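# A closer look at the structure
What follows is each chain in one-letter form.
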Amino acid sequence: MAASKFEVPELKGYTTIPLLQKGASANIKSFLANEKIQEDLGFPGELVEDWHDKAIEKMGELLGKYRGLRVFMDACVHCGACTDKCHYYLGTRDPKNMPVARQDLMRQVYRRYFTFAGKFFPKLVGARDLTREVLDDWYSYYYQCSECRRCSVYCPYGIDTAEVTMAGREILDSVGMGQKYTNEILGKVHRIGNNLGLPGPALVDTLEGLEEDIEADTGFAVKLPIDVKGAEVLLITPSADFFSEPHVESLIGYAKVFHAAGISWTLSSMSSEAGNFGMFIGNYEQMHKVALRIRQAALELGVKRIVVGECGHAWRVAYSFWNTLIGVGAGADDPFAKMLQKQLDPRYPQPAHICEVTYDLLQQGAIKMDKEANDHRIITFHDSCNVARGSNMGGIPGGQFILPREIIKSVANHFYDMAPETVFEGTFCCGGGGGLLTDDLMELRVKGAMPRMNALKSVVDTHQVNFMATICAICKAQFTKVLPYYEFEMSMVGGVHQLVSSAIRLDPNK
Amino acid sequence: MSLLTITFALLFYLATAVLIGGVAYKIYIYSSTPVPLKIPTMPAPMTTTGVVMRMGREVVLFESLFKSNKWIWIFGWMFHFGLLLVLLRHLRYFTQPVWGWVVLIQPFGRYAAFVMIAGLLGLWARRILVDRVRYISTPSDHLMLALLLGIGLSGVAMSFFSHVDIIDVKMFMLGLMMFHWQELPPEPILLVHLSLVALLMIVFPISKLLHAPGVFFSPTRNQVDDSREVRHVADWAVHFDQ
Ligand code: HEM
Ligand code: SF4
Ligand code: SF4
């Protein structure tokens, strides 16, 4: 096991609600962004002198722009139903990681400056001045939330802590306190086109190498085309798919699906990233700017369909926000969006998830599988939080749960779900989402993964599961790092299309 | 006209104005604040009818709460539905002749008060006993429960122990509504009951009781999951398209 400076929770196969331990994760703080990183995004380079007034002003602005934030600040009754729903609370025991307490960090300030009761009776309603201490708490605890939205599913009013966290990060950025990890990556997307900072030529090289590998492996010339004008499909996938393990196995899987189905497709070197970290910091402008590259690529390449690879937050942004941000979707009546919507083929959902593509092809019998190829695997499926909480697939209720599972069952013989309260809409986040996938948060990531690890342990013990499939680049990277802390093999995690890749028949005559 | 009657009459006008004006103002704020993004959470309905049904289940059955915590759900439901029956029963003080169905529910309404009180006690017990809920509780959370319990207990006291002349109370209430004031019976327990109710009405729009209108405006619960079919852009975000 990896040596660690903190205590790794012990696995019992199920998760119990711990007693709280004040300040248990107060020491966990991700690195601040330096001046350069901040200024690249148009944020102040360091904490501004009048941060107090600026922060309150920003908060007022956000309250006026986002109804969700406004209602969530008022509506909470402190019932406590969400208190045991956050994996970071369960893993760290720090009460400020209870969703309602995380919201209260902002609600206390909201009440003080924006409500009658808080202005005149602060003690009574738990209102607080925005002090430096409070600001630091915001930074710590808004970067201990993966914006997974599990709490929202369980709150009687659907209060979404992710929205509060995003607002918190947005305010922090606006006064000069940004997070190194997220903001540095945003800079890379703007400069280079993807989160990894992989330039076009390197990407082309990588893809050529992969084509050779596939051919050596299978004997078939499966292509990974890039910048092909007039292709039918533009594939937008997380850049980790290009060279991280196990991500790349899924990329090979998508390529094989397109190959076997005879669909022409292309990647884009200018727009080679599905992830949109603009969402992590709640910044509409950043999110919009990152998404615009996809619109531009689609228009330039003249594609008919836009398909998104295995990536959780990316699918949320694509499914829920792309139509709003860049007009990828349908039903627009404005020239900006219509221009693109006229080009896209209305017979397909726009954007489509790669699982929707594969599932449809399976339904039509257009691709065939040899299930036995996966017989050495006993598989379970980890629902990625941002897909599970509200990003549909297939246009049927709960499609995002059904499609990946149906695909797995069509490509493999051994599948077992984890405990019901840990999958589907109530799934536990991997512990590394929402801008927390950085080494400076390793302790939080390991502890936050505990509920998922417990559920995994249970199916490993009862069904000898040896493969946890998922459809998210962050989940894959996070589990690869975290599994060894819990004495699991890091190769246990992989993509759904990694399984497809093993089973798919490439020979059209068979 | 006694000073007492005048005081209470004015108090109730004030409380009603604050309640209605305050809640209307809040509803105006909520409805006029834009919703720039589609953020429904599962199980997200794909049609407007689906949203109406979902909202119905949330408001009547507390569906999400049921999924998350059975104890809060049972106590919360006892309290709210006890309260609802009690409030409906109170309609007899404000209508003449009393509507038929209000007469029908009188016997249930009488006992609903006990259900409501039991629910409140359960919620309060959790607030004190469960460390997580204790941690998040502010003094106002405790006071709110105390206030509602005070209303419930003083009400039960009048209806089961020290009977107050409800005809006189009704005359007072109808008089308020007709702007033709009638004397309020100077029963201490009634005065306590009415003062607490007025206080509740006044704090309603400036407290967490805003969850009642708030739930209807919560985007994670009231949005239709149709982001790929319909383009949705807030006014303040339109300029990004240029
Ligand atoms: C649309 C109508 C309403 C809905 C859907 C609703 C729903 C809820 C739910 C689900 C809870 C959380 C569970 C609980 O603690 O009971 C709650 C709490 C509460 N509700 Fe309501 N409610 C409504 C109207 C009201 C009204 C009219 C009042 C009082 C006049 C009220 C007073 C309270 C109080 C005081 C709490 C907090 C209880 C505690 O301290 O634990 N609610 N409500
Ligand atoms: S969004 Fe997820 S990480 Fe954030 S408070 Fe809620 S449950 Fe915890
Ligand atoms: S479940 Fe919702 S209303 Fe209850 S404490 Fe949590 S955020 Fe507040």
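Attention in this report is confined to the structure presented alongside it. The model shown is predicted, which means the values in this text are computed figures rather than measured ones.

Rules behind the numbers
- For every chain, the first residue of the written sequence is number 1, and numbering continues from 1 onward in sequence order.
- Written order determines the labels here, with chains lettered from A and ligands numbered from 1.
- Where totals are concerned, whole chains, interfaces and linings use all residues; where local detail is concerned, this predicted model gives features only for residues with pLDDT of at least 70, and gives and counts side-chain atom pairs only at 80 or more.
- The side-chain numbers reported here are obtained from all heavy atoms of the structure, hydrogens and water having been left aside.
- Throughout, the protein atoms alone are placed on a 1 Å grid, and a set of points is a cavity if a 1.4 Å probe fits but cannot get out or a pocket if it is open with protein on both sides within 12 Å along at least five of seven lines; lining residues have an atom within 4 Å of a point.
- Grid points are joined across faces, edges and corners, and a volume is the space filled by probe spheres set on the points.
- Helical segments are the DSSP runs of H or I of at least four residues, strand segments are the runs of E of at least two, and each set is numbered from the N terminus.
- When residue character is reported, Ala, Val, Leu, Ile, Met, Phe, Trp, Tyr, Cys and Pro are called nonpolar, Asp, Glu, Lys and Arg charged, and the others, Gly included, polar.
- At least two bridges found by DSSP between two strands is the condition for calling them paired.
- Fitted lines through C-alpha atoms serve as axes, helices being fitted only where they are in contact, and the angles separating the N-to-C directions of these axes extend from 0 to 180 degrees.
- Here is the rule for angles: anything less than 35 degrees is roughly parallel, anything more than 145 is roughly antiparallel, 65 through 115 is roughly perpendicular, and the remaining ranges are oblique.
- Put simply, a crossing is left-handed when the front helix is turned counterclockwise from the back one by less than a right angle, and right-handed when it is turned clockwise.
- Throughout, a contact is declared for two residues whenever any of their heavy atoms are within 4.5 Å.
- Distance thresholds for patches are 9 Å for like charges and 5 Å for nonpolar side chains (Val, Leu, Ile, Met, Phe, Trp, Tyr), applied to residues having over 30% relative accessible area and no salt bridge.
- Accessible surface is estimated by sampling points in the Shrake-Rupley manner with a 1.4 Å probe; for residues, cover comes only from the protein chains shown.
- Every case where a carboxyl oxygen of Asp or Glu lies within 4 Å of a side-chain nitrogen of Lys or Arg is listed as a salt bridge.
- Exposure classes here rest on a 1.4 Å probe applied to the protein chains alone. A residue is buried below 20% of its type maximum, exposed above 50%, and partly exposed in between.
- Ring pairs are drawn from Phe, Tyr and Trp, using the six-membered ring of Trp, whenever the two centres fall within 6.5 Å, and their geometry is named by plane angle: stacked under 30 degrees, edge-to-face over 60, tilted for the rest.

## Digging into the layout of surface pockets
Approximately 640 Å³ is the volume found for the second largest pocket. Lining the second largest pocket we find 29 residues, and of these Ala117 of chain A together with Val203, Ile206, Ser207 and Lys208 of chain B sit closest to its centre. Mapped by element, the contributors of at least two residues to the lining of the second largest pocket are helix H3 (67-75), helix H5 (99-114), helix H6 (116-120) and helix H7 (122-125) of chain A together with helix H1 (3-32), helix H7 (139-161) and helix H9 (188-203) of chain B. A class-by-class count of the residues in the lining of the second largest pocket yields 19 nonpolar, four polar and six charged.

## Observations regarding the sheet that holds strand S6 (residues 467-470) of chain A
All names here are of chain A. Across the sheet, which stays open at both edges, the three strands sit in the order S5-S6-S7 with parallel pairing between neighbours. For this open sheet the edge positions go to strand S5 (379-381) and strand S7 (493-495), each flanked by a neighbour on one side alone. Neighbour-to-neighbour, the strand axes of this sheet turn through a mean angle of 35°, independent of strand direction. Across three bridges, S6 lies against S7 in parallel orientation. Following the sheet pairing, Thr470 is matched in S7 by Gly495.

## Focus: the packing of helix H18 (residues 354-364) of chain A against helix H20 (residues 399-411) of chain A
Residues and elements named next belong to chain A. Here H18 crosses H20 at 50°, and the two axes come no closer than 10 Å. In terms of their interaxial angle, H18 and H20 are classed as oblique. Here H18 runs over H20; the crossing is left-handed. Listed contacts from H20 to Cys355, Glu356, Thr358, Tyr359 and Leu362 of H18 are Leu403, Glu406, Ile407 and Ser410. Among the residues making up the contact of H18 with H20, the classes are represented as five nonpolar, two polar and two charged.

## Some thoughts on a nonpolar patch on the surface
Together, Phe116, Phe120, Phe121 and Leu124 of chain A together with Leu143 and Ile206 of chain B line one region of the surface with nonpolar side chains, adding up to about 580 Å² of accessible area. For Phe116 of chain A, the position within the fold is in helix H6. You can call Phe116 of chain A partly exposed: its relative accessible area is 45%.

## A few points about the packing of aromatic side chains
Scanning the entire structure with this criterion turns up 26 aromatic pairs over all chains. Their ring planes at 45° and their centres at 5.0 Å tell us that Phe116 of chain A and Phe120 of chain A sit as a pair that is tilted. Here Phe120 of chain A and Phe116 of chain A lie together in helix H6, a separation of four residues that amounts to about one turn. Between Trp315 of chain A and Tyr319 of chain A, the aromatic rings sit 5.7 Å apart at their centres with planes inclined by 45°, giving tilted as the arrangement. You can see Trp315 of chain A and its partner Tyr319 of chain A sitting in helix H16 (residues 312-326), four residues apart, about one turn around the helix. The structure contains a cluster of three or more aromatic residues connected by ring pairs, namely Phe62, Phe66, Trp73, Trp77 and Phe81 of chain B.

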